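Each chain, letter by letter, is given below.
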Protein chains: 2
Amino acid sequence: MELITEGEPSDFLHVLTAGAVDLFATWEGRRSSLATVLPVSTFILAATIRDAPYLMSAVTLEKSRIVLIPSQDVRRVFGEDGDFARAIVAELAGCYRALVKAQKNLKLRSAQERLANLLLRLQVEAGGAAEISLPFEKRRLASLLGMTAENLSRTLRALRRHGVAVDGARVRITDRAALERLARPSPLIDDPLT
Amino acid sequence: MELITEGEPSDFLHVLTAGAVDLFATWEGRRSSLATVLPVSTFILAATIRDAPYLMSAVTLEKSRIVLIPSQDVRRVFGEDGDFARAIVAELAGCYRALVKAQKNLKLRSAQERLANLLLRLQVEAGGAAEISLPFEKRRLASLLGMTAENLSRTLRALRRHGVAVDGARVRITDRAALERLARPSPLIDDPLT
DNA sequence: GGCGTCGCTTGACAATTATCAACCAAGCTC
DNA sequence: GAGCTTGGTTGATAATTGTCAAGCGACGCC
């Protein structure tokens, strides 16, 4: 379900309380996913604050519950309530840092390295289980990683030489050390998916 | 001159009042410029707010004047002064939006398209003059655009077929319509350089 | 069951981009 | 002026990534 479309004025701050949302952007017929929003989290906070048009579009990925707060109210309460202001600015700074990491990931690493690092992170998130399952549709995953679905498919197979066994959406990390040798994860780039 | 290095704790908010600063990141021997800071502007604001390590390094590009404000003070005054808080959050939201645009630029466009759009923007910034000069070293420009210096050099020549004449750092846009046909600029992606 | 649709994979191929080495021109230093 | 250094360009080549088309298997629907 389409929630917002890039270019529209930002009338409401959105808060996701249940479900999942894909943030994406388009240009000249191309489309790229920029982030996945999971509860509880706001989105398009920056547009709300600056009273500027949305830069991204948003669709729900599943049945979701979303709270809409009029942007004017957000800006008004920001001036009245110091704790609210602090919460807003902390959230925004966190989003900013996540984006810087994404930018570094994209500009400094190859597609294979990005994928390898994602798998390592997924494993951490899964509590270290050897077998994990990809959290979303591969097409979307590819877009988030900045590659095509075909390239993801091939790259996933190529990681077999680096301690990864793939079967559909199920992935087994058979040799974490080998994968880390390829991925070279860094806390200054790799982010919790949140 | 090296101002900050990624990974270090963020003790000071930096404010550039004169000169120019390059923000870049490194990983495994690779290096990529993420932004150029021009006066008057803050940098590493998000790290200051979250009291988290720097994600980027910063070097001066020329003789510069930089004001350092202890991060604790920034966080304290944020709670005491509503106008200050509003200014901070507006600045941060602006940086965030600039970064989203950069991300879209990188993920949705080819190197040639990114370069073409940059030239168009430079011309606007130069008040529409037919002849403009590239604002920084080509090597850094290439890095900002997410490509190698060699690729920039070749792509610049390739733009001759699209209304661009190049002579070293001087660029003449001879056919803006043709260049726009290739570049397809969009206010939802292309940003003032600030 | 038969038949679409959909997501994913694979193959063949092309475009894009990077790498490496050589070279050039300008600006310095001695 | 000779020799360095530096930033930029060019050529040859390779690696990476994308495109297009076909095929496969699972699923839902009639």
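Here the structure is shown first, and the text comes after it.
The structure presented is a predicted model; accordingly, all values stated were derived computationally and were not measured. (Residues numbered from 1 in each chain as written. Chains lettered and ligands numbered in written order. Predicted model: local features only at pLDDT ≥ 70, side-chain atom pairs only at ≥ 80, totals over all residues. Heavy atoms only, no water.)

A. Focus on the pattern of salt bridges. All names here are of chain A. Scanning the entire structure with this criterion turns up 28 salt bridges over all chains. The partner of arginine 31 in a salt bridge is aspartate 22, and the shortest N-O contact between them spans 3.5 Å. On the accessibility criterion, arginine 31 (49% relative accessible area) is partly exposed. Taking the relative accessible area as the measure of exposure, aspartate 22 reaches 0% and is therefore buried. Across the salt bridge formed by arginine 76 and aspartate 73, the nearest N and O atoms sit 3.7 Å from each other. With arginine 76 and aspartate 73 both in helix α2 (residues 71-80), this residue pair falls 3 residues apart, about one helical turn. The exposure class of arginine 76 is partly exposed, given its relative accessible area of 44%. Its relative accessible area of 28% is what places aspartate 73 among the partly exposed residues. Beyond isolated ion pairs, a larger network of salt bridges with shared partners links Asp22, Arg31 and Arg140. (Salt bridge = Lys/Arg side-chain N within 4 Å of Asp/Glu carboxyl O. Buried < 20%, exposed > 50% of the residue type's maximum accessible area, 1.4 Å probe, protein only. Helix = DSSP H or I, 4+ residues; strand = E, 2+ residues; numbered from the N terminus.)

B. Region of the structure containing the packing of helix α4 (residues 111-125) of chain A against helix α6 (residues 149-158) of chain A. Residues and elements named next belong to chain A. The contact between α4 and α6 brings their axes to 10 Å, and the two run at 70°. Classified by the interaxial angle, the pair formed by α4 and α6 is roughly perpendicular. Viewed along their axes, α4 and α6 form a crossing whose handedness is right-handed. Across from Ala111, Gln112, Leu115 and Leu119 in α4, the residues of α6 making contact are Asn151, Leu152, Thr155, Leu156 and Ala158. For the contact of α4 with α6, the per-class residue count stands at 6 nonpolar, 3 polar and no charged. (Axes fitted to C-alpha atoms, helices over the stretch in contact; angles between N-to-C directions. Parallel < 35°, antiparallel > 145°, perpendicular 65-115°, else oblique. Left-handed = near helix turned anticlockwise from the far one by under 90°. Contact = heavy atoms within 4.5 Å. Nonpolar A, V, L, I, M, F, W, Y, C, P; charged D, E, K, R; others polar.)

C. Just the protein's contact with DNA strand D, in detail. Residues in contact with DNA strand D amount to 15 residues; listed here are only the nearest, A:Asn151, A:Arg154, B:Lys138, B:Arg154 and B:Arg157. Sugar plus phosphate, as a fraction of atoms of DNA strand D within 4 Å of the protein: 71%. Between DNA strand D and A:Arg154, the relevant distance is 2.9 Å, taken from a base oxygen to a side-chain nitrogen or oxygen of the residue. At the level of elements, α6 of chain A together with α5 (138-144) and α6 (149-158) of chain B are the ones that each hand at least two residues to the surface near DNA strand D. Sorting elements by how many residues they give to the surface near DNA strand D places α6(B) first, with 4 residues. Broken down by class, the residue content of the surface near DNA strand D amounts to 2 nonpolar, 5 polar and 8 charged. (Near = heavy atom within 4 Å. Polar contact = N/O pair within 3.5 Å; in protein donor to acceptor, adjacent residues only side chain to side chain.)

D. A look at the protein's contact with DNA strand C. Close to DNA strand C lie 15 residues; A:Lys138, A:Arg154, A:Arg157, B:Asn151 and B:Arg154 are nearest. Taking the atoms of DNA strand C that fall within 4 Å of the protein, sugar and phosphate contribute 71% of them. At 2.6 Å from a phosphate oxygen of DNA strand C is found a side-chain nitrogen or oxygen belonging to A:Lys138. In the environment of DNA strand C, a base nitrogen lies 3.2 Å from a nitrogen or oxygen atom belonging to the side chain of B:Glu150.

E. Quick look at the relation of the copies chain A and chain B. When chain A is brought onto chain B, the operation consists of a screw motion whose angular component is 180° and whose axial shift is 0.0 Å, with 0.0 Å RMSD remaining. What the superposition gives is, in effect, a two-fold axis relating one chain to the other. Looking at chain A, 100% of its interface residues are interface residues in chain B too, so the copies touch through the same face. (Least-squares fit on C-alpha atoms with pLDDT ≥ 70 in both.)

F. Region of interest: the sheet that holds strand β9 (residues 164-167) of chain B. Residue and element names in this part refer to chain B. The sheet built from 3 strands is open, its strands ordered β8-β10-β9 with antiparallel pairing. Lying at the two open borders of the sheet, with one neighbouring strand each, are β8 (131-133) and β9. Taken over all neighbouring pairs, the strand axes of this sheet differ in orientation by 25° on average, direction set aside. Bridge count for β8 against strand β10 (residues 170-173) is 3 bridges, and the pairing is antiparallel. Each residue of the ladder has a partner; that of isoleucine 132, found in β10, is valine 171. (Pairing = 2+ DSSP bridges.)

G. How the structure looks around the side chain of A:Gln103. Residue position: A:Gln103 is located in helix α3 (residues 82-108). Every residue in contact with A:Gln103, bar those within four places of it in the chain, is listed here: B:Leu34, B:Ala102, B:Gln103 and B:Leu106.

H. Local environment of helix α2 (residues 71-80) of chain B. Burial in α2(B) covers these residues: B:Ser71, B:Val74 and B:Phe78. Down the axis of α2(B), the buried set is contained in an arc of 55°. They therefore lie on one face. Away from its buried face, by an angle of more than 90 degrees, α2(B) presents the exposed residues B:Gln72 and B:Glu80. Elements that come into contact with the buried residues of α2(B) comprise α2 and α3 of chain A together with β2 (12-18), α1 (45-50), β7 (65-70) and α3 (82-108) of chain B. (Arc of directions from axis to C-beta.)

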